[in-house]
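# Structural overview for review
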Amino acid sequence: MADSAERRPFALSAELRGHEQDVRCVAASSCGEVLTASRDATLRVWARAVDAPGYSCVRSLVGHSHYVGAVAVVPGSGVAISGSNDKHVIVWDEASDAPLRVLEGHTDVVSCVAVSEEGDIISGSWDKTVRIWRAGGMRSCEVLTGHTQAVWAVLPFPGGVSVASASGDRTVRIWRGGKSIATLEGHTDVVRGLALVAGLGFASVANDGTLRLWSLDGSALLTIAASESFLYSVASLPSGELAVCGEDRTLRLFRDGNLVQAIPHPSPVWSVACLPNGDLVTGCADSVARVFSCDAALKADSSVLSTFLMEVQAQTLPATEIPGQVGGVDVANLPDESALSEPGTKEGQYKIVRDATGDPCLYTWSMADGQWNKVGTVVGDPNSASAPSGVGPTLGQKHFKGELYDFVFDVDIAEGQPPLQLPYNRATDPFTAAQQFIWDNDLPQTYLEQTADFIVQNAGPSTGVNTFRNVDPFTAGGSYVPPPAGTGNGGGGGGGAALNVDPITAVGAYRPTYAPEGARAPIEDPLSANRYRPGAPTTAPPPGNGANSNAANFFPARAAVTFEAMANPETVLAKLAGFNGRLASAGNGDVLSDAELGALTVMGGALAQAVGGPARLPASELPALALGALAKACRWPTECVFPALDILRLALLNQAGAASVGKMQPPLVPLLLSLLAPNAAAPVPTAVMALRSLCNMCAVTQLHGLIGEHMGAVLEAAAEHLGSDKNVQARTAAVTLLLNFSVFVSKSSTSEEEAQAQILSALAPELAQMAEGTVNEDICLRLLVTLGTLACSATGANYVKRLATDLGVCGSVSALGKAGEKVQACAAQLGALLASK
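Described below are features of the structure shown in this document. In this text the structure is predicted, and so the values were computed from the model without any measurement.

Another aspect to go through is the overall build of the chain. The secondary structure content of the chain amounts to 18 helices and 38 strands. Taking all 837 residues of the chain together, 56% fall into the buried category. A separation of at least 24 residues holds for 56% of the contacts in the chain among residues at least 6 apart in sequence. Roughly 31900 Å² of accessible area belongs to the chain as shown, and the carbon and sulfur atoms make up 51% of that amount.

We now examine the environment of Val-113. Structurally, the position occupied by Val-113 is in strand β10 (residues 110-115). In this structure, the C-alpha to C-alpha distance between Val-113 and Val-73, residues 40 residues apart in sequence, is 9.3 Å. Among residues more than four places away in sequence, those in contact with Val-113 are Ala-70, Val-71, Ala-72, Ile-81, Ser-82, Gly-83, Val-89, Ile-122, Ser-123 and Val-154.

The next point concerns the packing of helix α14 (residues 753-772) against helix α15 (residues 777-790). Where α14 meets α15, the closest approach of the two axes is 10 Å, and the angle between their N-to-C directions is 145°. In this structure, α14 meets α15 at a crossing whose hand is left-handed. Contacts between α14 and α15 pair Gln-756, Ile-759, Leu-760, Leu-763, Glu-766, Leu-767 and Met-770 from the former with Ile-779, Cys-780, Leu-783, Leu-784, Thr-786, Leu-787 and Leu-790 from the latter. Of the residues belonging to the contact of α14 with α15, the class tally is eleven nonpolar, two polar and one charged.

The end-to-end C-alpha distance of helix α4 (residues 569-586) is 26 Å, a good match for the 26 Å that 18 residues give at a rise of 1.5 Å each. Buried residues of α4: Pro-569, Glu-570, Thr-571, Val-572, Leu-573, Ala-574, Leu-576, Phe-579, Asn-580 and Leu-583, and no others. Contacts from the buried residues of α4 go to α5 (594-609) and α7 (642-651). In the stretch just after α4, Gly-587 is the one whose phi turns positive, near 75°.

Right, let's get into the sheet that holds strand β27 (residues 280-284). On the basis of which strands lie adjacent, the open sheet formed by four strands has the order β1-β28-β27-β26 and antiparallel pairing. The open sheet has two free edges, formed respectively by β1 (11-17) and β26 (269-274), since each of these has just one partner strand. Between one strand and the next, the sheet's axes are offset by a mean angle of 20°, whatever the strand orientation. The pairing of β27 with strand β28 (residues 288-293) spans four bridges and is antiparallel. Within the sheet, the bridge partner assigned to Val-281 lies in β28 and is Val-291. This element, helix α1 (residues 302-313), spans β1 and β28 of the sheet and lies at about 85° to β1.

With 114 residues, the main nonpolar core has Leu-784 and Leu-787 as its most contacted residues. In terms of residue count, the dominant contributor to this core is helix α13 (residues 728-747) (ten residues). The residues contacting Leu-784, other than those within four sequence positions of it, are Phe-555, Leu-767, Val-813, Leu-816, Val-823, Cys-826, Ala-827 and Leu-830. Membership of the second largest hydrophobic core comes to 23 residues, among which are Ala-243, Cys-245, Leu-251 and Val-378.

The strand order across the open sheet built from four strands is β10-β11-β12-β13, with neighbouring strands paired in antiparallel fashion. If you trace the sheet from one side to the other, it starts and ends with β10 and β13 (141-145), each paired once. On average, adjacent strands in this sheet sit at an angle of 20° to one another, irrespective of strand direction. Across five bridges, β10 lies against strand β11 (residues 121-125) in antiparallel orientation. Within β11, the residue paired with Cys-112 across the bridge is Gly-124.

What the rule picks out here adds up to eight aromatic pairs. Seen from their ring centres, Phe-157 and Phe-202 are 5.4 Å apart, and the 40° between their planes marks the pair as tilted. Of this pair, Phe-157 sits in the loop between β14 (151-156) and β15 (162-167) while Phe-202 sits in strand β19 (residues 201-206), placing them 45 residues apart in sequence. Accessibility classification places Phe-157 together with Phe-202 in one group, the buried group. Aromatic rings pair up to connect Phe-230, Tyr-232 and Trp-270 into one cluster. Over the ring of Tyr-67 we find Arg-39, and its NZ or CZ is 4.0 Å from the ring centre. When the ring centre of Trp-152 is taken as origin, the NZ or CZ atom of Arg-192, which lies over that ring, is 4.2 Å away.

Turning our eyes to something else, we now look at the pairing of strand β21 (residues 220-225). The pairing of strand β20 (residues 210-214) with β21 spans five bridges and is antiparallel. Bridge assignment links Trp-214 to a residue of β21, and that residue is Ala-220. Joining the antiparallel neighbours β20 and β21 is a turn of five residues, in which Gly-218 adopts a positive phi near 100°.

With that settled, consider the pairing of strand β23 (residues 242-246). Among the five residues of β23, five are classified as buried, and the element is accordingly described as predominantly covered. Residues Leu-242, Val-244 and Gly-246 of β23 are buried on one face, and the alternating residues Ala-243 and Cys-245, pointing to the opposite face, are buried as well. Note: strand β22 (residues 231-236) against β23, five bridges, orientation antiparallel. Bridging from a neighbouring strand, Ala-235 pairs with Ala-243 of β23. Count of turn residues in the β22/β23 antiparallel hairpin: five residues, of which Gly-240 carries a positive phi of about 95°. Of the strand pairs in this sheet, β23 and strand β24 (residues 250-255) are connected by four bridges, and their pairing is antiparallel. Pairing of Ala-243 across the sheet is with Leu-253, part of β24. Joining the antiparallel neighbours β23 and β24 is a turn of three residues, in which Arg-249 adopts a positive phi near 70°.

Turning our eyes to something else, we now look at helix α18 (residues 821-835). Think of an α-helix as turning once every 3.6 residues; residues three or four places apart then point the same way. Its 15 residues give α18 an end-to-end C-alpha distance of 21 Å, which sits within 8% of 21 Å, the value for a rise of 1.5 Å per residue. Those residues of α18 that fall on the buried side of the exposure criterion are Val-823, Cys-826, Ala-827, Leu-830, Leu-833 and Leu-834. The buried side chains of α18 occupy one side of the element, clustering within an arc of 125° when seen end-on. For α18, exposure combined with an orientation more than 90 degrees from the buried face picks out Glu-821, Ala-828, Ala-832 and Ala-835. Considering only its buried residues, α18 is in contact with α15, α16 (797-806) and α17 (809-814).

This next bit is on unusual backbone geometry. With an omega of 10°, the peptide bond between Phe-555 and Pro-556 qualifies as cis. Along the chain, Pro-556 falls in the loop between β37 (511-512) and β38 (561-562). Look at Arg-170: it is not a glycine, yet its phi comes out positive at around 75°. When you line up the elements, Arg-170 lands in the loop between β15 and β16 (172-176).

Here we come to the pattern of salt bridges. Throughout the structure, instances matching the rule amount to 17 salt bridges. Residues Asp-590 and Arg-635 are paired through a salt bridge, measuring 3.0 Å at the closest nitrogen-oxygen approach. With a gap of 45 residues between them, Asp-590 in the loop between α4 and α5 and Arg-635 in the loop between α6 (624-633) and α7 connect regions that are remote in the sequence. On the accessibility criterion, Asp-590 (17% relative accessible area) is buried. One connected set of salt bridges, linked through shared partners, spans Glu-15, Arg-17, Asp-286, Arg-290 and Glu-311.

Take the packing of α13 against α15 next. Put simply, α13 and α15 touch, their axes get as near as 9 Å, and they point 15° apart. Comparing the axis directions of α13 and α15 gives the class roughly parallel. Taken as a pair, α13 and α15 cross one another with a handedness that is left-handed. Contacts from Val-728, Arg-731, Thr-732, Val-735, Thr-736, Leu-738, Leu-739, Ser-742, Val-743, Val-745 and Ser-746 in α13 reach Asp-778, Ile-779, Arg-782, Leu-783, Val-785, Thr-786, Thr-789 and Leu-790 in α15.

Here is what the cut-offs are and how they apply
- Residues numbered from 1 in each chain as written.
- Predicted model: local features only at pLDDT ≥ 70, side-chain atom pairs only at ≥ 80, totals over all residues.
- Heavy atoms only, no water.
- Helix = DSSP H or I, 4+ residues; strand = E, 2+ residues; numbered from the N terminus.
- Buried < 20%, exposed > 50% of the residue type's maximum accessible area, 1.4 Å probe, protein only.
- Contact = heavy atoms within 4.5 Å.
- Areas by Shrake-Rupley, 256 points an atom, 1.4 Å probe, with all protein chains shown as cover.
- Axes fitted to C-alpha atoms, helices over the stretch in contact; angles between N-to-C directions.
- Left-handed = near helix turned anticlockwise from the far one by under 90°.
- Nonpolar A, V, L, I, M, F, W, Y, C, P; charged D, E, K, R; others polar.
- Expected span 1.5 Å × (residues − 1).
- Pairing = 2+ DSSP bridges.
- Core = buried A, V, L, I, M, F, W, Y, C linked by side-chain atoms within 4.5 Å.
- Phe/Tyr/Trp six-rings, centres within 6.5 Å; stacked < 30°, edge-to-face > 60°.
- Lys NZ or Arg CZ within 6 Å of the ring centre and 35° of its normal.
- Arc of directions from axis to C-beta.
- Salt bridge = Lys/Arg side-chain N within 4 Å of Asp/Glu carboxyl O.
- Parallel < 35°, antiparallel > 145°, perpendicular 65-115°, else oblique.

Structure representation (C-alpha cells):
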C-alpha cells in the first residue's frame, strides 16, 4: 500500500437525512455529488453547499418497485446507475431524473452495479450471474456464469479488459473475454465488497471480518484481520489508505496494514465510498448517510456533532457481543471512570467501566483524540432470560441450579404446562446441551435436532470448537443451518450451501413446534434432519441407562408440525408486489392500494424475521390494514396467490393473525380447499402454500374448530397430492398434513374410525410405492410416524392395527429394510407396535 503523508483525522462533516429506510449503498460523482440508494425504493442525489459543511438533496430518483441496494455513477458524468430487488438495472436520465433505460435480464435481486471507464455497466445478482451491458446497455449483454451463490460485488479493472466479482460462495473471480480466468480463494465466508487500490491491485472484504489485498492477476498480497464482525464494504482513498465498514457499527481506516482510525456509528454501516476530495461517505442502517472529512473547514457544526455523539453513546451492546469479551461482565468488580485516565495503547481498543450511576459503559480509544470515547452501554444479552441490569455476579449471565450460564431459556413443551428451563453457555456445543436437556427432562430423543437448532437460533453460534459469526441480517450468511436430508427436503443451491431452501418458493423447510401455539422452532424437522454437531462426537447414551436406552422413540407425535421458515422474504415480497402490479394493469377488483401493499409488505417482513418465530411477534406488528390486505390478496387468481399464502401461513401462527381468520371472506378453509381441488389446476407453488397453510392451522388451538369442521375434505385434498408423480414439496406438505391430523385423532377421547381409515387409505399406496422402489427418506419417515401415532391412539388403536394389516401396510413396512438407517429404525419400531396386541 502506498505511503501517505500525515493527515488530520477524519471528523463528521455532514449528515444526509431524508431516506425513510436503510441507506444500503453510497457512491460519489466526479463533481463531488453524493448518491444514496435506500430500502425505501428511492435514490437521492446530494450536493454540498458552497464553502460549507452541509449537504442538501438536489434530486430524488423514483422508478424502482422494490428496495434499491446498489448505485454507481458513469465516470466523468453525473449519470446514475442503480440495481434493485425488483431485478432491474436502471440507467437514469440526468436531465429529467426519470429512467432512461431499464435493463432486464437478471432473474433475482440485483445486488451490485459498477461502470467501467469505457461506459460498460457491470451488474451482479443473487441469480449467481454477472452481466456486462455494453455501451451503457445500448448494445449487447454478456452473461458470466460460474459462481455457485449470489454475487455481492463487481469491479471493472482499468483498461476495460477484466472484471472481478465477489460471491456468497466465498470466492472472488476474475473474468476476461467472457471467461473466468482466475478463482481467488482465502475468504471463509461471504465476500461482500471490492475496491481498486491504485498502484497495487484491489481489495476485498467479507463476512469473515478480513480485508484482503490482491494483485490484478489474482496473487494474494496481504490479509488483515479488520473486524470481529461482518464487513460489508471497502473503499480506497487517494492517500493509499483503505476504509472498511460493517455490522459492528464502525468505519475503520487502515494504512500499511495497521488500523489508524476507528469511527463508531449509531447503527451498522452498509456502505462506504470516497469522494474526489478524499472525504468519505457512509450509508447506514439508521436511514442516514454521513460524510467525514479531514478538512477542518468542513467539520460539522457543534449541534450536528453533539447529536451524532449522543446517538452513538445511546446505543446498547449485549455483553456477549463486545469484541474480545468472553463470558459475562463482572459488573461489581468493574473499574470506575477514573480508569479512563490511563491512555489506551492502540486505536479502537475497548474498555468497560462503571459510570456514576453504576451502569457498565463501553469506551473505545481514539489515537486522534487522545482519549477514551463512549460508544454505548453494556447490557445483558437480549436472548437471555430477563433480569435487572447488574443483578448477579455477571451481566449477561444467569443462575440455574447454583451454576452460572450465558443463557437460561424458557421452553414451552406442552400447552397448559409450565415451561422447562434450558441452560446454555456459548462455549458449549449446541447438541451437547440439547442432549443433556433431553436426558434431564425425560423428553423424546426426536427432540434433539429441534432443541439444538432452537439454541443456535436464539443464542447464536457456539464459541467452542467451531466458531461461526453472528447471522448477517441481510443474508443469514455465517449462521448455523442444518444440512438438507435425503432427497425430500428440496434443498436448493450449490457450492455446499447450507441453507435448506425450497426451489419453488425460495422459502425454508418446515419447522416443527414444541407446542401448538408456537414455541421457537428450528429450520428442520427432527424426524428427518441429518444431525450436525460442530466439533462434537456422536451423542453418547445417558450414563447408567444401559446400552439400548438411547434408541429413538419415533412416536407418538405429540404436536403439530409447522412450516415456519422463510429464508428469502425479499423474493416473496417482490413477487407479491409484481403480481399486484399485474392485477392492477388487468383491472382486477382485489388489487391492493399503495397503502395496503406497503402495510402487507412490512408485516410480511416482520413475520419472516421475528425473533422467536411468528408467534412471538407483537400484535401491533399485525395491524388491521395489513391483515385486511392479506385477506384481499388471498382472493387473487390461482396463478398469483401463492406469495399471499406464503405470508398467510406465518400470520396463522400468530394470535393476532389467527384471530383475523374468522373475518375472511370466503372462509379460509373452503378457500384453501378450492385451490387444492383437481379442477382448480393450481400451479405447484399455490398448492404447496395452501397445504402448508392448512398444516400451520393445525398448530393453533383457536383454529382447530375451523379445520376440524372440514376434516374429511382436508384429508381428501392431502391424498390428492400424494404419489410419486407429484411434486416433492407438495407431497411433503400433504404427508405433514396427515401427520398433524394423526396427532389430533390419537388424542381424541371418542372413536375416530372414519378419520383413521381415511388417513390409512391415503398413506398405504404411498408406502407401497416406496417399498417397491426408491425410498424418499423424508416423506417415508412422516408416513411411518403418522401410522405409528395412529396406532398409539387413545381410542381405536386395535382398529388401526387391523386396518393396516388389511391394507397391506404391514408388508410395506417390513419391506423397507434397504432404506436408510433412520427409516429402518423407525420401521422396526412400527413393525413391533403393529404386531403387538
